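Structural overview for review
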Amino acid sequence: MTTPESTDPRQAEADYQALIDSQRTLLLSTVTAAGEPEISYAPYLRDESGRFYIFVSELAAHTRNLRHQGRAAILFIRPEEETRNPFARERVILQCQAEELPAGDPEQAGLLSRMEQRFGETVALLRRLPDFHLFVLTPQTGRYVAGFGKAYDLVLPAGGLRPVTPPD
């Protein structure tokens, strides 16, 4: 069971990065054109500057939402079986700008090859389907919650954490 115990911002930063790195999928929250929330998930690839890439079908509602709204929230959360208290699950929430990388974008082939290395032959199959699109999710703001009384606002894009000040 992994439970971050430190309130040191440097350790908290290492802990939140480790939580993200421990997962292969992200939970994806988008908004419809009518303003209705929708939640889904997607396998992801992360680059060295902290951006997330997802390869999703236009048949999925979240793809339409990403195209029309250009924003999403993503969540990484410690699995329940690794958590002592379900009210204090460790989590990272990121508010992101979403942008589709067009099929001709020079970065796309390399990113999809990296996805194929990470996720295997399924990506090779999906690459041949015309309804799949590559999106980049660029974090704009975020919060890391390590447990009760241990919350940090993420300083993005440069990195770092700032403890959340309790309300008066």
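First things first, this report covers the structure right here in the doc. Since this is a predicted model, take the numbers as computed values, not measurements. (Residues numbered from 1 in each chain as written. Predicted model: local features only at pLDDT ≥ 70, side-chain atom pairs only at ≥ 80, totals over all residues. Heavy atoms only, no water.)

The next thing to look at is the pairing of strand β1 (residues 25–31). The alternating pattern of β1 places Leu26, Leu28 and Thr30 on a buried face, while none of Thr25, Leu27, Ser29 and Val31, on the opposite face, is buried. By the bridge criterion, 7 bridges tie β1 to strand β2 (residues 37–43) in an arrangement that is antiparallel. By the bridge assignment, Thr25 is partnered in β2 with Pro43. In sequence, β1 turns back onto β2 through a hairpin of 5 residues, with Gly35 there showing a positive phi of about 85°. In terms of strand pairing, β1 meets strand β5 (residues 71–77) through 3 bridges, oriented antiparallel. (Buried < 20%, exposed > 50% of the residue type's maximum accessible area, 1.4 Å probe, protein only. Helix = DSSP H or I, 4+ residues; strand = E, 2+ residues; numbered from the N terminus. Pairing = 2+ DSSP bridges.)

Let us look at the environment of Ala72. For Ala72, the position within the fold is in strand β5. Residue Ala72 is classed as buried on the basis of its relative accessible area, which comes to 7%. Distance in space between the C-alpha atoms of Ala72 and Ser29 is 5.6 Å, their sequence separation being 43 residues. Discounting residues that sit within four places of it in the chain, Ala72 has contacts with Leu28, Ser29, Thr30, Leu66, Leu94, Gln95 and Cys96. (Contact = heavy atoms within 4.5 Å.)

The tally for this structure, following the rule as stated, stands at 8 salt bridges. With its nearest N and O atoms 3.2 Å apart, the salt bridge here joins Glu82 to Arg78. You can call Glu82 partly exposed: its relative accessible area is 28%. According to the relative accessible area criterion, Arg78 is buried, its value standing at 7%. In this structure, Arg143 engages Asp153 in a salt bridge whose closest nitrogen and oxygen atoms are separated by 2.9 Å. Linking Arg143 in strand β7 (residues 132–147) with Asp153 in strand β8 (residues 150–154), this pair joins segments that are 10 residues apart in sequence. (Salt bridge = Lys/Arg side-chain N within 4 Å of Asp/Glu carboxyl O.)

A few words now on helix α2 (residues 61–69). What α2 keeps buried is the set His62, Thr63, Asn65 and Leu66. Down the axis of α2, the sector holding all buried residues measures 165°, keeping them to one side. Residues of α2 that are buried sit in contact with β1, β2, β4 (52–57), β5, β6 (91–101) and β7. Count one or two residues on from α2 and you reach Gly70, which has phi positive near 70°. (Arc of directions from axis to C-beta.)

With that out of the way, let us pick up the nonpolar core. In terms of nonpolar packing, the biggest core is built from 26 residues, with Ile54, Phe76 and Leu137 touching the most fellow members. For this core, the secondary structure elements donating two or more residues are α1 (9–21), β1, β4, β5, β6, β7 and β8. When sequence neighbours within four positions are dropped, the list of residues in contact with Leu137 reads Leu26, Leu28, Arg51, Phe52, Ile54, Leu66, Ile74, Cys96, Gln97 and Ala98. (Core = buried A, V, L, I, M, F, W, Y, C linked by side-chain atoms within 4.5 Å.)

All we've got here are geometric facts, nothing functional implied.
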